[in-house]
Amino acid sequence: MKKIFLLVVLMATVSTQLLFAQDTKSTSLTPLLASYYDIKDALIKSNTADAAIHAGAFLKAVNSVDMKSLPAADMSTFMAAQEKLAFDARHISESKDIAHQREHFANFSANFFKLAKAVKLTDKPVYYAYCPMKKSYWLSSEDAIKNPYYGSQMLTCGKVTETLNK
């Protein structure tokens, strides 16, 4: 009787783990999204030092992606964006000037959106927001507007224009 009970518990545990594993899509590109959000959040707070640190972490992550672990379509999309993402992340990481960081963040966001749209980085919604004053976009994990281009000056300026993973 004990053996049957243990076998049932083991099977239930394995089934539960497999079920949850299927709910969360994760690739070697998934950490890039969290790193992107860290940069965005630092810019919202107008914290140049944190933006530089997080951009440096993003740069390391984007350069250490294991290409062999990616499906062919994802690898092709990533390879097309990798250099552009690294370029802007490097500029953000090397600058202490908030205007310069935000200027590169606009290109960084446009290129990252192309990647996020083509490669499913998460099962959670990704909101693509637009700042009419800057005429630039950014990605967010929440639909509430927190503008990284103007920080506290115009924190809620903008609107969500598209949602990925609805």
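This structure is a prediction, so every number in the text was calculated from the model and none was measured. (Residues numbered from 1 in each chain as written. Predicted model: local features only at pLDDT ≥ 70, side-chain atom pairs only at ≥ 80, totals over all residues. Heavy atoms only, no water.)

A. Main features of unusual backbone geometry. In the Ramachandran plot, S46 falls in the positive-phi region, its phi being about 55 degrees despite a non-glycine side chain. Position of S46 among the secondary structure elements: in the loop between helix 2 (30-44) and helix 3 (48-63). Under the relative-accessibility criterion, S46 is labelled partly exposed at 37%. The phi torsion at K135 lies on the positive side, around 60 degrees, for a residue other than glycine. Locating K135 in the fold gives a position in the loop between strand 1 (126-131) and strand 2 (136-140). (Helix = DSSP H or I, 4+ residues; strand = E, 2+ residues; numbered from the N terminus. Buried < 20%, exposed > 50% of the residue type's maximum accessible area, 1.4 Å probe, protein only.)

B. Geometry of the state of the cysteines. Evaluated as defined, the whole model comprises zero disulfides. Just so you know, C131 is unpaired, no disulfide at all, and the nearest cysteine sulfur is the one on C157, 4.6 Å from it. You can call C157 buried: its relative accessible area is 18%. (Disulfide = S-S within 2.5 Å.)

C. Up close: the pairing of strand 2. The buried fraction of strand 2 amounts to four of the five residues, a majority that puts the element mostly inside the structure. Here strand 1 pairs with strand 2 via five bridges, running antiparallel. Each residue of the ladder has a partner; that of Y130, found in strand 2, is Y137. Linking two consecutive strands that pair antiparallel, namely strand 1 and strand 2, is a turn of four residues; a positive phi of about 60 degrees is found at K135 within it. (Pairing = 2+ DSSP bridges.)

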